[in-house]
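Chain residues, written in single-letter form:
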Amino acid sequence: MNTIQYPSVQNTLNQLHHEASRDMGNVMRGMAKAVFRKLQPSDLKHAYIAISPEQGQFVYDLLIKNNSKHIVEFGTSFGISALYLGAAAKKNGGKVITTEILPSKCEVAYRNFEKAGLNDVIELRLGDALETLKNVEDDIDFVLLDGWKDLYLPLLKMLEPKLKKGAIIYTDNANMASAQPFLDYVRNSNKYQSRYMHHHGAELSEFLG
Ligand SMILES: C[S@@+](CC[C@H](N)C(=O)[O-])C[C@H]1O[C@@H](n2cnc3c(N)ncnc32)[C@H](O)[C@@H]1O
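What counts and what doesn't
Residues numbered from 1 in each chain as written. Predicted model: local features only at pLDDT ≥ 70, side-chain atom pairs only at ≥ 80, totals over all residues. Near = placed C-beta within 6 Å. Helix = DSSP H or I, 4+ residues; strand = E, 2+ residues; numbered from the N terminus. Buried ≥ 20, exposed ≤ 12 C-beta atoms within 10 Å, placed from the backbone. Pairing = 2+ DSSP bridges. Arc of directions from axis to C-beta. Contact = placed C-beta atoms within 7 Å. Core = buried A, V, L, I, M, F, W, Y, C linked by C-beta atoms within 7 Å.

*Asks:* Can you lay out the site of the ligand for me, pointing to particular residues and giving the numbers?
*Replies:* Near the ligand there are 20 residues, and of these P41, A50, G75, I80 and S81 occur at the shortest range. Elements that contribute at least two residues to the shell around the ligand include exactly α4 (80–92) and β2 (95–100).

Structure follows, in structure tokens:
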């Protein structure tokens, strides 16, 4: 296991994971708004809905092991997962592009990146991922998908021409019904080697080129 060696990152993560552990009320209130309509990002504007510390550590280890430098994330929220990505990018001499559609979440995430001392390696893009990630550069090493599930497949197809051979896609909440088209694609297109990680609820896919 690789330990994050930047105290400012670890302290920020500890604080944010603590706050996220009290997320349930905000999630329930948000979900209640969407009983008769589709859930909107703004319904969950106060909720972290973040990856767990175990998932963060797993992703961090993977990034260090693979010396991943060009890292892209869909779904910043308040920045928990991006802090793991940013810490690895800093150690590997790389950078992270992460994107979030809600301005209020972007503001808080930006402050968290500053507090952690990572805003030199994390570029935060405000807006719809289908627009903000259009112009990322080639040779992506790692993608973390953790936003609205029906966007997973269109986003992957948009980023695919820019993936490096061997690039890793870590997809959170891959067991949700709206992620099924994405799962069918990574498992059946012969372009990926892909497996479900039950204890994470995430799909781990390697791009075969
Ligand atoms: C599950 S949360 C991300 C949690 C974050 N990865 C973490 O672990 O801390 C998903 C986020 O995706 C954002 N989102 C939803 N649709 C989006 C879109 N089209 N473009 C960019 N962000 C979007 C939501 O506002 C929400 O904050």
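*Asks:* Lay out the pairing of strand β7 (residues 202–207) in plain terms, naming residues and giving numbers.
*Replies:* One face of the sheet, then the other: side chains in a regular strand alternate in exactly this way. The buried fraction of β7 is high, at five of six residues. Relative to β7, strand β5 (residues 163–171) runs antiparallel, the two sharing four bridges. Opposite I168, over in β7, you have E206 as the bridge partner. With six bridges joining them, strand β6 (residues 192–197) and β7 adopt antiparallel strand pairing. The partner of S194 across the bridge, within β7, is S205. Taking the residues between adjacent antiparallel strands as the criterion, β6 and β7 are bridged by four residues, where G201 takes a positive phi near 65 degrees.

*Asks:* How would you summarise helix α7 (residues 152–159) if you had to cite specific residues and measurements?
*Replies:* Taken together, the buried positions of α7 are occupied by Y152, L155, L156 and L159. One side of α7 carries all its buried residues, which in axial view fall inside an arc of 100 degrees. Buried positions along α7 lie against β1 (70–74), α6 (129–132), β4 (140–145), β5 and α8 (180–188).

*Asks:* Residue-level account of the nonpolar core, with values.
*Replies:* Membership of the largest hydrophobic core comes to 60 residues, with the highest contact counts inside it found for L83, L85 and V143. Residues within four places of L83 in sequence aside, it is in contact with V9, T12, L13, N112, A116 and L118.

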